[in-house]
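This is what each chain is made of:
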Amino acid sequence: MDDDLAIERHASNPGGAAQAQDEDRLAQFGYKQELKRDWGLAHNFGVSFSIISVITGLTTLFEFGLNTGGPAVMSIGWIIVSFFTLSVATAMGEIVSAIPTSGGPYFWAALMAPPKWSPFAAWITGWFNLLGQVAVTTGISFGLAGLIATVATVKSPEYEPTPAKTIGIYAAVLVSHGLVNTFGVKVLKYLNNVSIILHSAGVTALAIAVLAKAPTHQSAKFVFGYINDGTGVDGAPGWSERASPAYLVVCGSLLAQYTLTGFDASAHLSEETRNASWSAPIGVVSSVGFSAIFGLLVLLSFLFSIQDFSSTLNSVYGQPVLQILIDVFGEDGALVLFSLIILCVWHCGLFSMTSNSRMMFAFARDGGISPFFHHVDEKFRSPVRAVWLAATLSFILALPSLGSDVAFAAATSIATIGLYISYGIPILLGLVWHKEFVAMKGPFNLGLFSRVVAFVAVAWIITISIVFVLPTANPVTSQTLNYTVVAVGIIALGATSAWVFWARKWFTGPAAEVTEAMRLGVDLTEPGVEIDEKAAVRGAQGGRESTD
């Protein structure tokens, strides 16, 4: 890199001192302000809260949950998974407070790894995060397509929602999200406000209405104690018989863990958020905390309101949540409430693509993918090329559904593992090289609890990364194979091979001089740094590399 690194500083907007401070902080990372920074704490929180969207995960995976463990695993599993997920979010919050950029996990990994390994850490983390982001968008929007196809059968029993028709609906959903993210970037924050209301007040009202109107209620023993194993296919024994009940329980936890993903969106939107060093980490942690509470309320309302377990699980509509609503409100009332759910899921998918495109934009900016995608449309102030890349990759990832019965569950597993591995790498780096991380920390600081929380988070991520590649249906055939291990393996092997054979020759990740300055607590944008401290940074960088 040229010795005289020039960091372009963007003139502050009329927003005031906070705006200038945010832009100065971004300049310390070597970037100018390209995206419009007009989001507040509530908007930042709302994006992650909307992407987590408890009603999305619960509705689309409710049948999976009933089959893979039943009510007991769904309810108790939700509480346990929420606790560990909150530890991951808290550890992430501390990192994003120190490093608030759109790159998120891959940029964090670059700054927190030793200089010799910084480019590789950024490269591998970036690709896992990209995979997870794409898979989350796939899971949400493909799930929405399935819900729309299911609703069509309520008043039109002759309609058959074939895989090909569902893929067609899915394509239309992706196009709608792409168009809003392309031309409606100015209204995204207002749609975000609508989404917050829908996911909080709307979903709460739905849960209360279901409980209040249900003709009968299940017992607490049923909700917290009944285990069901429906993982056997065509008369085959389920996994609780073939393996053990513990195997069934850990597989069933996918419902809760998949639902509580996507909260890194607050980090990816940090370059568009005011006072990002504080707002972004609060957005990460609070979105998980509130989602855990709202999710438990909704989950319990559905479980307690099941009228007949067998008819709900084997619903003629193929959708247990819809069956519960029909049993409680009748077809017309159920369709109205299910439309509310569909609206929530649509907003969830919209903001998932928003987060996805920002990550791709930042990764392209640092050379992780083609620089063609590092482009912001001057008129709409949106990374349009990255938006449509996200839409295209999400569509491709859903194509196996045309020939696989477990494609949707696999997509949710891919999303969960891809994202959590990308969360775990920088958390692990901060745990191992903690002294260097302490020098970077921002206002959200865990102090003495930092390493304890990080250890718990890393241990949990390792656990779920193993669990969610396991098969969830027995016997394992071409139709029931959990192809998560294939997709994750391709990314792991492909990204590593690409690094070994060619990417290591040109990919440097975030500027080496900038990353070393961050480790030393030096602000390269200060005028006095030009003479003395830049040399010290380069000297420290060279010294560290020589000792590695």
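As a reminder, the structure under discussion sits directly above these lines.
To start, this report covers the structure provided alongside it. All chains use their own residue numbering, which begins from 1 and follows the written sequence. The predicted origin of the model limits local features to residues at a pLDDT of at least 70 and limits the giving and counting of side-chain atom pairs to 80 or more, whereas totals for whole chains, interfaces and linings rest on all residues. Side-chain calculation: all heavy atoms of the structure are included, whereas hydrogens and water are not.

### Focus: the pattern of salt bridges
As a working rule, side chains carrying opposite charge can pair if their charged atoms are close by.
At step 1: By salt bridge we mean one thing: a side-chain nitrogen of Lys or Arg within 4 Å of a carboxyl oxygen of Asp or Glu. If you walk through the whole model with that rule in mind, you get four salt bridges.
At step 2: Ionic pairing is found between Asp 332 and Lys 155, a salt bridge with its closest N-O pair at 2.9 Å. Of the two residues, Asp 332 is situated in helix H16 (residues 320-365) and Lys 155 in helix H6 (residues 118-155); the sequence distance between them amounts to 177 residues.
At step 3: Its relative accessible area of 51% is what places Asp 332 among the exposed residues.
At step 4: Accessible area is worked out with a 1.4 Å probe on protein chains only. A residue is then buried under 20% of its type maximum, exposed over 50%, and partly exposed in between. On the accessibility criterion, Lys 155 (48% relative accessible area) is partly exposed.
At step 5: Salt bridges here are not isolated pairs; linked through shared partners, they connect Lys 155, Glu 331 and Asp 332. Put simply, DSSP marks the helices as runs of H or I at least four residues long and the strands as runs of E at least two long, and each gets a number from the N terminus on.

### Digging into the packing of aromatic side chains
At step 1: In this scheme Phe, Tyr and Trp rings, the latter by its six-membered ring, pair at centre separations within 6.5 Å, and the angle between planes marks the pair as stacked below 30 degrees, edge-to-face above 60, and tilted otherwise. Counted according to the given criterion, the structure contains 30 aromatic pairs.
At step 2: Taking the centre distance of 5.8 Å and the plane angle of 75° together, the rings of Phe 45 and Phe 290 count as edge-to-face. Taken together, the residues Phe 45 in helix H2 (residues 41-52) and Phe 290 in helix H14 (residues 276-304) connect sequence positions 245 residues apart.
At step 3: Overall, the relative accessible area of 15% leaves Phe 45 in the buried class.
At step 4: By relative accessible area, Phe 290 is classed as partly exposed at 42%.
At step 5: These aromatic residues form a ring-pair network of at least three members: Tyr 106, Trp 117, Phe 120, Trp 123, Trp 127, Phe 363, Trp 499, Trp 502, Trp 506 and Phe 507.

### Points about the state of the cysteines
Here, the word disulfide means a covalent bond between the sulfur atoms of two cysteines.
At step 1: We call a pair of cysteine sulfur atoms a disulfide when they lie within 2.5 Å. The full count for this structure, using the stated rule, is zero disulfides.
At step 2: The closest cysteine sulfur to the non-disulfide-bonded Cys 344 is located on Cys 348, 9.2 Å from its own sulfur.
At step 3: Assessed through its relative accessible area of 0%, Cys 344 is described here as buried.

### Concerning a nonpolar patch on the surface
At step 1: A cluster of nonpolar side chains, contributed by Val 476, Leu 481, Val 485, Val 486 and Ile 490, occupies part of the molecular surface with about 400 Å² of accessible area.
At step 2: Here Val 476 shows up in the loop between helix H20 (450-467) and helix H21 (484-501).
At step 3: Judged by relative accessible area, Val 476 falls into the partly exposed class, the value being 40%. Each patch is built from residues lacking any salt bridge and having more than 30% relative accessible area; the joining distance is 9 Å for like charges and 5 Å for nonpolar side chains (Val, Leu, Ile, Met, Phe, Trp, Tyr). Surface exposure here means Shrake-Rupley accessible area, sampled with a 1.4 Å probe, where a residue is shielded only by the protein chains that are shown.

### A look at the environment of His 43
At step 1: Checked against the element boundaries, His 43 lands in helix H2.
At step 2: Linking His 43 and Gly 283, residues 240 residues apart in sequence, is a C-alpha distance of 8.6 Å.
At step 3: Whether two residues are in contact is decided by their heavy atoms: any pair within 4.5 Å suffices. Beyond its immediate stretch of four places on either side in the chain, His 43 contacts Lys 189, Asn 192 and Asn 193.
At step 4: Definition of a polar contact: a pair of N or O atoms within 3.5 Å, with one able to donate and the other able to accept a hydrogen when the atoms are protein atoms, and with sequence-neighbouring residues admitted only if both atoms are side-chain atoms. Looking at His 43, its side chain comes within polar contact range of the side chain of Asn 193, at 3.5 Å.

Structural measurements only, silent on function.
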